[in-house]
Amino acid sequence: MTKKIILELKNISKNYSTKNETLEIIKNLNLQVEEGDFISILGQSGSGKTTLLNLIGLLDSPTSGDIFINGEKISVNSSSVDLIRNKMIGFVFQFHYLLPEFTALENVMIPALTQDFSKKKEIEIKALELLNDVGLSHRANHKPNELSGGEKQRVAIARALINNPKILLLDEPTGNLDNETSEKIFNIFKQINDKKRQTIITVTHSRELSEISHKKLFLKKGIIL
Ligand SMILES: Nc1ncnc2c1ncn2[C@@H]1O[C@H](COP(=O)(O)OP(=O)(O)O)[C@@H](O)[C@H]1O
Ligand SMILES: [Mg+2]
């Protein structure tokens, strides 16, 4: 059985222009991601990992080249891109970006509420399930400043999953966490990937996390080795 290509990058380049020079961060990069893949992206600091993840996540547009999701060419500057991103992609950033004035539960609910407020009750049930999956049901009504670093990151993971994204993008998701907490979080990713067949692409410095993944990509000077 051939697997479906869920994401494809064709000849993607990304330059940043500063006053005096143009920096070529990603150079003619090609990548095919199959549904259910678990890919880790490795590379030195400054090698363009976050830049690449932002391109994949449709948060930034490439200087040249094309991005396809489910075979459909995406134009990142079109108005429909927010909808595609909301439906298809979940993000966990290096820093959690939880909203401080809302509880853990509300933070998880928000990306779904903004799409359909009339489903509030269903969304709440789903958010509680996700908090349970990340071992935080007992912290649902706590605000971010009442949570530890690892707990905040787990809330951010639950939030990334609320819209049932086909693709989960993780940027050094355990970069600031201790080993034990990191291990818990790795297990969550493994389960999501195994049981729900959600595609995961993670940037990481962690050997353990890259060992769980199915494929490792090394980024160096804007090229995948
Ligand atoms: N908005 C920007 N303007 C100019 N240069 C940038 C910008 N964002 C990132 N860079 C540069 O691009 C390179 C790659 O950055 P990044 O993708 O964040 O690397 P990594 O995540 O691998 O550490 C770095 O040298 C960084 O300084
Ligand atoms: Mg980075």
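Read on for an overview of the structure.

Reading guide: rules and limits
Residues numbered from 1 in each chain as written. Chains lettered and ligands numbered in written order. Predicted model: local features only at pLDDT ≥ 70, side-chain atom pairs only at ≥ 80, totals over all residues. Heavy atoms only, no water. Near = heavy atom within 4 Å. Polar contact = N/O pair within 3.5 Å; in protein donor to acceptor, adjacent residues only side chain to side chain. Areas by Shrake-Rupley, 256 points an atom, 1.4 Å probe, with all protein chains shown as cover. Helix = DSSP H or I, 4+ residues; strand = E, 2+ residues; numbered from the N terminus. Nonpolar A, V, L, I, M, F, W, Y, C, P; charged D, E, K, R; others polar. Buried < 20%, exposed > 50% of the residue type's maximum accessible area, 1.4 Å probe, protein only. Contact = heavy atoms within 4.5 Å. Pairing = 2+ DSSP bridges. Axes fitted to C-alpha atoms, helices over the stretch in contact; angles between N-to-C directions. Phe/Tyr/Trp six-rings, centres within 6.5 Å; stacked < 30°, edge-to-face > 60°. Lys NZ or Arg CZ within 6 Å of the ring centre and 35° of its normal. Expected span 1.5 Å × (residues − 1). Arc of directions from axis to C-beta.

Moving on to the site of ligand 1. Residues in contact with ligand 1, as listed here, are Tyr16, Leu23, Ile25, Gln44, Ser45, Gly46, Ser47, Gly48, Lys49, Thr50 and Thr51. At 2.7 Å, a backbone N or O of glycine 46 approaches an oxygen atom of ligand 1. Residue threonine 50 places a side-chain N or O atom 2.9 Å away from an oxygen atom belonging to ligand 1. For ligand 1, whose accessible area on its own is 570 Å², the fraction buried by protein is 60%. Of all the elements in the fold, those that place two or more residues in the shell around ligand 1 are β2 (22–34) and α1 (49–56). When residues in the shell around ligand 1 are grouped by element, the largest group, three residues, is from α1. Residue composition of the shell around ligand 1, grouped by class: three nonpolar, seven polar and one charged.

Turning to its location among the elements, proline 62 is positioned in the loop between α1 and β4 (64–69). Residue classification places proline 62 among the buried positions, given a relative accessible area of 19%. Considered as a pair, proline 62 and isoleucine 84 are 22 residues apart in the sequence and their alpha carbons are 17 Å apart. Every residue in contact with proline 62, bar those within four places of it in the chain, is listed here: Ile12, Ser13, Lys14, Leu55, Ile67 and Val76.

The next subject is the sheet that holds strand β3 (residues 38–42). An order of β6-β7-β8-β3-β9-β10 is seen for the six strands of this open sheet, with the pairing classed as mixed. Taken across any chain shown, the strands that pair with only one partner, and hence form the sheet edges, are β6 (89–92) and β10 (223–224). Judged from the four bridges that link them, β3 and strand β8 (residues 199–203) form a sheet pairing that is parallel. Following the sheet pairing, isoleucine 39 is matched in β8 by isoleucine 201. On the sheet, α1 packs against β3, β6, β7 (167–171), β8 and β9 (215–220) and is oriented at approximately 155 degrees with respect to β7.

Time to look at the packing of aromatic side chains. Two descriptors summarise a pair of aromatic rings, namely the distance from one centre to the other and the angle between the planes of the rings. Counted according to the given criterion, the structure contains three aromatic pairs. The interplanar angle of 85 degrees and the centroid separation of 5.6 Å between the aromatic rings of phenylalanine 93 and tyrosine 97 together place this pair among those described as edge-to-face. Ring geometry for phenylalanine 95 and tyrosine 97: centres 5.2 Å apart, planes at 85 degrees, overall edge-to-face. Exposure remark for phenylalanine 95: the relative accessible area of 48% places this residue in the partly exposed category. Taken together, Phe91, Phe93, Phe95 and Tyr97 form an aromatic cluster joined through their ring pairs. Directly above the ring of phenylalanine 68 sits lysine 10, whose terminal nitrogen or CZ lies 4.9 Å from the centroid.

Bringing the pairing of β2 into the picture now. Of the pairings in the sheet, the one linking strand β1 (residues 5–17) to β2 comprises nine bridges and is antiparallel in character. Bridge assignment links serine 17 to a residue of β2, and that residue is threonine 22. Taken together, β1 and the strand that follows it, β2, pair antiparallel across an intervening segment of four residues.

The periodicity of an α-helix, 3.6 residues per turn, causes residues three or four positions apart to be oriented the same way. Taking 1.5 Å as the rise per residue, helix α4 (residues 120–133) with 14 residues should run 20 Å; its terminal C-alpha atoms sit 20 Å apart, in good agreement. Those residues of α4 lying buried are Ile123, Ala127, Leu130 and Leu131. Axial view of α4: buried residues confined to an arc of 100 degrees, hence all on one face. Counted as exposed and oriented over 90 degrees from the buried face of α4: Lys121 and Glu122. Buried residues in α4 make contact with α3 (104–113), α5 (149–161) and α6 (179–196).

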